[in-house]
Amino acid sequence: MTDKTANTMWGGRFAAGPDAIMEAINASIGFDQRMAAQDIAGSRAHAAMLGAVGIITPKDADTIREGLLTVLSEIEAGTFEFSAALEDIHMNVEARLKDMIGEPAGRLHTGRSRNDQVATDFKLWVRDQLDAAEAGLLALIDALLAQAEAGADWVMPGFTHLQTAQPVTWGHHMMAYVEMLGRDLSRVRDARARMNESPLGAAALAGTSFPIDREMTAQALGFDRPAANSLDAVSDRDFALEFLGVASICAMHLSRFAEELVIWSSAQFRFVTLSDRFSTGSSIMPQKKNPDAAELIRAKVGRIMGANVGLMMVMKGLPLAYSKDMQEDKEQVFDAADNWMLALAAMEGMVRDMTANRDSLAAAAGAGFSTATDLADWLVRVLGMPFRDAHHVTGSLVAMAEGKGCDLPDLSLADMQSVHGDITQDVFDVLGVQNSVNSRMSYGGTAPAQVRAQVGRWREVLK
């Protein structure tokens, strides 16, 4: 029986026999080469420690560390030849190191395993992504603060159920997203602090009999401490799951904002104008300006949340300690990280470039009986009416205005007094949208003074 015949049961994807199939399913170098810098950093820290405690000679430690830098320079220059036969980034680096420096390369793996090595590499990579996410969030928050400050007193409609509810300010709406992204920022920082324990030195699962110094390698790699249990250290992927959880929540926030930008930039709303840099045209309709960047950001949460669920399913039934299933952790995290960083950068660009159309916002703010609640509040405050009665009177006035085809401020005093005789001319002072937003001075309210205070508070927080 030929290899090809033996392989028919596996389908047409593989032209060779089972050995090639095993190599294809087992090898991870096609994706884990992205961790080359982290792998070499971990190995250099490990070699320095082995030399410092006398497990290998200082000369061998120096030779290994210098050789690893040369390997890294080849990878960065694009001249390194990765081999699937060597399975992963760890073995590819070690094999090339042996070609360069010979016998000392074989001493590098003393006191460690690929299990703690890959856990360390992956943690370092995820930690770098959390740092990048922090920078992206800070930049986006800064762009939103600039929009909020510029439009602190610009009126616009506030919505519930996407129906006009009450007037708010543009600055207040922008600051709502600052609060959301501020929580994302805190989750990023929390996740980073929680995951910052070093697996290196846990070896395969039980630790090692060599007198290694795990505190030294942890400190060299910027970890706060070594992980306290070797079984947990090599089998833990909570840090990757938490990264995906944080990314999923943030991507959901970005998706919500993106949806508003899609709506607001439409010809029906005209609340904002997106720059040409983040819009596209139509191949057939010359008048079109499509908010494609916003639409793509809106979709990213699907990929990121999918990675979150996918990795959870990989990990859910695994016994301690390491299982090869865990090789399936990286591609999903890599893809989610790429898309999260791209979404953050694109959203920041859109926010910095977009123009709020103040006249359109103001016109919409006064439509749809948006000051009905202000009228009800006035009836309570000035006439001492129970709120439920005020709600009923206001509803009757809204129905009257709707029947006349006008808005509440356009009703005459006689019209209003026909519903409740105690209403006075003073009621018209609260029916203007600017008066409405100015009156919302409760902490966290939409009043321009409150918006500016929150902008100032956030600028202090982010210093």
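Located above this text is the structure these notes cover.
Right, let's walk through the structure included here. (Residues numbered from 1 in each chain as written. Predicted model: local features only at pLDDT ≥ 70, side-chain atom pairs only at ≥ 80, totals over all residues. Heavy atoms only, no water.)

## Considering the overall build of the protein chain
Okay, so step 1: Helix and strand content of the protein chain: 19 helices and 6 strands.
Okay, so step 2: Taken along the three principal axes of its C-alpha coordinates, the protein chain extends 100 × 55 × 40 Å.
Okay, so step 3: Each of the 463 residues in the protein chain was classed as buried or not, and the buried ones make up 48%.
Okay, so step 4: Considering only intrachain contacts with a sequence separation of at least 6, the fraction spanning at least 24 residues in the protein chain is 73%.
Okay, so step 5: With an accessible surface of roughly 21600 Å², the protein chain has 53% of that area assigned to carbon and sulfur atoms.
Okay, so step 6: Charged side chains of the protein chain number 42 positive and 60 negative; the gap between the two group centres comes to 1 Å. (Helix = DSSP H or I, 4+ residues; strand = E, 2+ residues; numbered from the N terminus. Buried < 20%, exposed > 50% of the residue type's maximum accessible area, 1.4 Å probe, protein only. Contact = heavy atoms within 4.5 Å. Areas by Shrake-Rupley, 256 points an atom, 1.4 Å probe, with all protein chains shown as cover. Lys, Arg positive; Asp, Glu negative; His and termini not counted. Charge placed at Lys NZ, Arg CZ, Asp CG, Glu CD.)

## Observations concerning empty space enclosed by the protein
Okay, so step 1: The full count for this structure, using the stated rule, is 1 cavity of 30 Å³ or more.
Okay, so step 2: Its boundaries defined by the atoms lining it, the largest cavity holds a volume of some 40 Å³.
Okay, so step 3: Lining the largest cavity are Phe-159, Leu-162, Glu-260, Ile-263, Trp-264 and Phe-269.
Okay, so step 4: A total of 3 residues in the lining of the largest cavity trace back to one element, the largest contributor, which is helix H11 (residues 238-264).
Okay, so step 5: Within the lining of the largest cavity, the residues separate by chemical class into 5 nonpolar, no polar and 1 charged. (1 Å grid on protein atoms, 1.4 Å probe; cavity = no way out; pocket = protein on both sides within 12 Å on 5 of 7 lines; lining within 4 Å. Points joined across faces, edges and corners; volume = space filled by probe spheres on them. Nonpolar A, V, L, I, M, F, W, Y, C, P; charged D, E, K, R; others polar.)

## Some details on the layout of surface pockets
By rolling a water-sized probe across the atoms, one finds the places where empty space is left.
Okay, so step 1: In this structure, the second largest pocket spans a volume of roughly 250 Å³.
Okay, so step 2: Residue lining of the second largest pocket: Gly-158, Phe-159, Thr-160, His-161, Leu-162, Ala-165, Gln-166, Val-168, His-172, His-173, Ala-176 and Glu-260, and that is the complete set.
Okay, so step 3: Of all elements in the fold, only strand S1 (155-160), strand S2 (163-169) and helix H8 (170-195) reach the threshold of two or more residues within the lining of the second largest pocket.
Okay, so step 4: Residue composition of the lining of the second largest pocket, grouped by class: 5 nonpolar, 6 polar and 1 charged.

## Topic: the nonpolar core
Okay, so step 1: Within the largest apolar cluster, 77 residues are counted, with the highest numbers of intra-cluster contacts made by Trp-170, Phe-257, Trp-264, Trp-340 and Met-347.
Okay, so step 2: Secondary structure elements with two or more residues in this core: helix H7 (114-150), H8, H11, helix H12 (292-315), helix H13 (330-353) and helix H19 (448-461).
Okay, so step 3: Residue contributions to this core peak at 16 residues, all from H11.
Okay, so step 4: Counting 22 residues, the second largest nonpolar core, distinct from the first, contains Ile-29, Leu-50, Ala-105 and Ile-212. (Core = buried A, V, L, I, M, F, W, Y, C linked by side-chain atoms within 4.5 Å.)

## Regarding the packing of H11 against H13
Okay, so step 1: One way to put it is that H11 packs onto H13 with a least axis distance of 10 Å and a crossing angle of 35°. Pair H11 / H13 crosses with left-handed handedness. Contacts between H11 and H13 involve Ala-240, Phe-243, Leu-244, Val-246, Ala-247, Cys-250, Leu-254, Phe-257, Ala-258 and Leu-261 on the former and, on the latter, Gln-332, Val-333, Ala-336, Ala-337, Trp-340, Met-341, Ala-343, Leu-344, Met-347, Met-350 and Val-351. (Axes fitted to C-alpha atoms, helices over the stretch in contact; angles between N-to-C directions. Left-handed = near helix turned anticlockwise from the far one by under 90°.)

## Quick word on the packing of aromatic side chains
Okay, so step 1: Following the criterion strictly, the structure yields 10 aromatic pairs and no others.
Okay, so step 2: For the pair Trp-170 and Trp-264, a centre-to-centre distance of 5.6 Å together with 50° between the ring planes defines the contact as tilted. Of this pair, Trp-170 sits in helix H8 while Trp-264 sits in helix H11, and the two are 94 residues apart along the sequence.
Okay, so step 3: Where Phe-243 meets Trp-340, the ring centres are 5.6 Å apart and the plane angle is 65°; that geometry is what we call edge-to-face. With Phe-243 in helix H11 and Trp-340 in helix H13, this pair connects stretches of sequence that are 97 residues apart.
Okay, so step 4: A relative accessible area of 0% means that Phe-243 is categorised as buried.
Okay, so step 5: Here a set of aromatic residues connected by ring pairs shows up, and it is made of Phe-159, Trp-170, Trp-264, Phe-269 and Phe-271.
Okay, so step 6: Lying across the ring of Phe-334, Arg-34 places its NZ or CZ 5.0 Å from the centre.
Okay, so step 7: One residue, Lys-330, lies across the ring of Phe-122, its end atom 5.2 Å from the ring centre. (Phe/Tyr/Trp six-rings, centres within 6.5 Å; stacked < 30°, edge-to-face > 60°. Lys NZ or Arg CZ within 6 Å of the ring centre and 35° of its normal.)

## Brief notes about the pairing of S2
Okay, so step 1: Pairing analysis gives 6 bridges linking S1 to S2, with the strands arranged antiparallel. When the bridges of S2 are listed, Val-155 appears paired with Thr-169. (Pairing = 2+ DSSP bridges.)

## Some words on unusual backbone geometry
Okay, so step 1: Across the junction of Leu-320 and Ala-321, the peptide omega takes the value 5°, indicating a cis bond.
Okay, so step 2: At Leu-162, a position not held by glycine, the phi torsion is positive, near 60°.
Okay, so step 3: By the element assignment, Leu-162 lies in the loop between S1 and S2.
Okay, so step 4: Under the relative-accessibility criterion, Leu-162 is labelled exposed at 53%.

## Describing the side chain of Asp-329
Okay, so step 1: Mapped onto the elements, Asp-329 comes out in the loop between H12 and H13.
Okay, so step 2: Only 2.8 Å separates the side chain of Asp-329 from the side chain of Lys-330, close enough to count as a polar contact.
Okay, so step 3: The contact partners of Asp-329, leaving out residues within four places of it in the chain, are Phe-122, Arg-237 and Leu-311. (Polar contact = N/O pair within 3.5 Å; in protein donor to acceptor, adjacent residues only side chain to side chain.)

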